[in-house]
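These are the residues of each chain, in order.
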There are 2 protein chains.
Amino acid sequence: MNTISIIGAGGWGTALATLIARNGHSVRLWARRAELADNLDRDRINPLYLPGIQIPRSIVVTSMLPEVATGDVLLFVTPSVSLRRVASELWATSLVRSSTIIISAVKGIEHQSGLRMSEVLSEIFRENPILVLSGPNHAAEVARFIPTATVIGATSEETGERLQRIVSTRSFRAYTSPDIVGVELGGALKNIFAIAAGIADGLGLGENSKAALVTRSLAEMSRLGMALGGRRATFQGLSGAGDLIVTCFSRHSRNRRVGERIGQGERVDAIQHSMQMVAEGVPTARSARDCAKRQSVSTPIIDEVYSILYEDAAPAAAMERLISRSLRPEED
Amino acid sequence: MNTISIIGAGGWGTALATLIARNGHSVRLWARRAELADNLDRDRINPLYLPGIQIPRSIVVTSMLPEVATGDVLLFVTPSVSLRRVASELWATSLVRSSTIIISAVKGIEHQSGLRMSEVLSEIFRENPILVLSGPNHAAEVARFIPTATVIGATSEETGERLQRIVSTRSFRAYTSPDIVGVELGGALKNIFAIAAGIADGLGLGENSKAALVTRSLAEMSRLGMALGGRRATFQGLSGAGDLIVTCFSRHSRNRRVGERIGQGERVDAIQHSMQMVAEGVPTARSARDCAKRQSVSTPIIDEVYSILYEDAAPAAAMERLISRSLRPEED
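Report on the accompanying structure. Nothing here was measured: the structure is a model prediction, and the numbers come from that model.

### As for the overall build of chain A
Working step 1: For chain A, the count of helices and strands is 16 helices and 8 strands.
Working step 2: Over its C-alpha trace chain A gives a radius of gyration of 19 Å, about what one expects of a compact globule, namely 20 Å for 332 residues.
Working step 3: With respect to the three principal axes, the spread of C-alpha positions in chain A is 55 × 40 × 35 Å.
Working step 4: A buried classification covers 61% of the 332 residues belonging to chain A.
Working step 5: Taking contacts inside chain A between residues at least 6 apart in sequence as the whole, the part at least 24 apart equals 71%.
Working step 6: When the accessible surface of chain A is summed, it comes to about 12700 Å², and 48% of that surface belongs to carbon and sulfur atoms.
Working step 7: The average position of the 37 basic charges and that of the 34 acidic charges among the side chains of chain A differ by 3 Å.

Structural data, given as structure tokens:
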């Protein structure tokens, strides 16, 4: 039995907390807002982010970082844009031991630095073992014990297997990969392609076009991901292709839904304003585009999503360029 | 301008006929049943197989094989189990020239012989150039000029480009591949995986499980397809991964729908009896399983679909084995 601190009480953080607590571990769940922590503690339900799921009484809910800093494992599930700040505040408590296992379940790439989330964490927790967890994991299904698989990226097999034992249940299978970079990039990049797929849906472009677009998305994810150091096999596996495919077709995906609303004519800022949750594909489109430019990798889908999100490009025209390109052979 | 004979007046045959006629070619459309041919000729609509689409007056509709045997191109779009019989009858007319281009747009593998559809045709038309056409092409979208891409598999670049010119329009992009085997096998095998995905849907197994299952399907399709002579890149492209992915998630797919009804508890024979159209995944599951056995390739998904379709295996138990296996690393 270990003490596991979950940093972030969104849908995925709450689901992981519930899962790990049911696995017999001592779990502390940190929410940034004191009001949310108080409500979760009292009501044992997270109506906004994970409706209908009972949060076990055994989970300690808090908004105080010192209360979670002493865990044997710190599992980060914050929005990507908040990760560095929260991690730095935790470091500043001086309570995090150097043996504490640090895990990122955050899907994103830091703007300007171009760092992956585990790299951001390793700049702050310089001596700690750092792992990642990513896969096609809809939080509500995990919390309902619906069969799910996920991938743990870990350079040390021993640490990877330790985390595997902590999170695995009969319904939640975690397996390990030595390719941290590939596991992490698959989860980050797929959200951009899900926005593109959603725009195609919103514009009513049909299944044949979407098939071409998603096929190109798989190729583009591998191309950029390999240029950034990931392995081809990882992008073809569960945390790459698996997560990309299901997100592009999921009714539950926030990122696909953002795209769909863009395709239906809503303005990006209005959509973001109306959403209670972060659609990680929006910041990731910007940082991934920068990474691609630095590596001189061709990423037409990411570029068009960027131009729609940040340069006010007309979605219909951008998608027409993309579909037209997707209908040509990949070699073009 | 060429005379193109379309052999088979189902949804896809009718859509291709309409497309090619609008492209300025002389098109003859053959329907097996005289009554269907008469109705199509009179009403210029195919209400059962392609509702709502106007069939151009210029298309000659017939049930007489001699009337189509003289075309410059014979494009086969029959059910896979009928292909050998219809092709043999055409051959027996002695009207097919040896210069006539023969194309298979049929998705299947012949039972017992294990032959691909183009191989069946090459046994009958021994001197003719033989090509294949396959891709993620929902017929109703093609007939409505919704942007679509497809792949022409051709060993001769010249013949491939000739067919490309015949079928390509602004909305229908056909590109060529020298890998006939891979193009053809992608289209044939994906229907089996669509049945598996449908069973998961029908059983209500959730998105996380389906993500694992579809990822495994991609790997299994490549593994078997490469053992049978196709190229890896083809299975990762539009006619492989593209067709597989969209079919596994499509509301329109007959094969996914057959699986969904199985998952919901209907009996296989009752489903087949009630369907007006052929779900090619059903015969292909049997022939693909035989091919895999002969090649000693591990195909757990195809095997479970086969056991449900032909050995009365309980779908829930079979899917539980499959999902459980899909949740383990691919190396297992």
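From this point, the narrative continues.
### Some remarks on the environment of Arg286 of chain A
Residue and element names in this part refer to chain A.
Working step 1: Summarising the element assignment, Arg286 is placed in helix H14 (residues 281-295).
Working step 2: The partly exposed category is assigned to Arg286, whose relative accessible area is 30%.
Working step 3: Residues Arg286 and Val96, spaced 190 residues apart in sequence, show a C-alpha to C-alpha distance of 32 Å.
Working step 4: In contact with Arg286, other than residues within four places in its own chain, are His111, Tyr306 and Tyr310.

### What to know about the packing of helix H8 (residues 180-202) of chain A against H14 of chain A
Residues and elements named next belong to chain A.
Working step 1: Look at H8 against H14: their axes get within 8 Å of each other, and the N-to-C directions meet at 110°. What the angle tells us is that H8 and H14 run roughly perpendicular. On H14, the residues touching Ala188, Leu189, Asn191, Ile192 and Ile195 of H8 are Gly281, Val282, Thr284, Ala285 and Ala288.
Working step 2: Its residues placed into classes, the contact of H8 with H14 shows 7 nonpolar, 3 polar and no charged.

### Comments concerning the relation of the copies chain B and chain A
Working step 1: For the pair chain B and chain A, the superposition axis carries a translation of 0.0 Å, the fit reaches an RMSD of 0.0 Å, and the rotation angle comes to 180°. Taken together, the rotation angle and the small translation identify this as a two-fold axis.
Working step 2: With an isologous cut-off of 70% or more, the 100% of interface residues of chain B that recur at the interface of chain A puts this contact in the isologous class.

### Here's the deal with helix H2 (residues 34-43) of chain B
Residues and elements named next belong to chain B.
Working step 1: Considered for burial, the residues of H2 that qualify are Leu36, Ala37 and Leu40. Angular distribution of buried residues about the axis of H2 spans 100°; they occupy a single face of the element. In H2, those exposed residues whose orientation departs by more than 90 degrees from the buried face are Glu35 and Arg42.
Working step 2: The inward-facing, buried residues of H2 abut strand S2 (26-30) and strand S3 (60-62).
Working step 3: In the stretch just after H2, Arg44 is the one whose phi turns positive, near 55°.

The rules we used
Residue numbers restart at each chain and count upward from 1, following the sequence in its written direction. Both sets of labels track the order of writing: A upward for chains, 1 upward for ligands. Two thresholds apply to this predicted model, a pLDDT of at least 70 for residue-level local features and 80 or more for giving and counting side-chain atom pairs, whereas whole-chain, interface and lining totals are computed over all residues. Hydrogens and water molecules were not included; the side-chain quantities draw on all heavy atoms of the structure. Where helices and strands are cited, they refer to DSSP runs of H or I of at least four residues and of E of at least two residues respectively, numbered from the N terminus. Each radius of gyration reported is based on C-alpha atoms, and the globular scaling rule is 2.2 Å times the count of residues to the power 0.38. Relative accessible area decides the class of each residue, using a 1.4 Å probe on protein chains only: under 20% of the type maximum gives buried, over 50% gives exposed, and in between gives partly exposed. In what follows, a contact means two residues having at least one pair of non-hydrogen atoms within 4.5 Å. Accessible surface is estimated by sampling points in the Shrake-Rupley manner with a 1.4 Å probe; for residues, cover comes only from the protein chains shown. Charge assignment in this entry is limited to Lys and Arg as positive and Asp and Glu as negative, and neither His nor the chain termini are counted. A charged residue contributes its charge at one atom only: NZ of Lys, CZ of Arg, CG of Asp or CD of Glu. Comment: axis = line fitted to C-alpha atoms, over the contacting stretch for helices; angle = value between 0 and 180 degrees taken between N-to-C directions. For this classification, under 35 degrees means roughly parallel, over 145 means roughly antiparallel, 65 to 115 means roughly perpendicular, and everything else is oblique. Under the convention adopted here, Pro, Cys and the residues Ala, Val, Leu, Ile, Met, Phe, Trp and Tyr are nonpolar, Asp, Glu, Lys and Arg are charged, and Gly plus all remaining residues are polar. Least-squares fitting of one copy onto the other uses the C-alpha atoms of those residues that reach a pLDDT of at least 70 in both copies. Each direction from the helix axis to a C-beta atom contributes to the arc, which is the arc of those directions.

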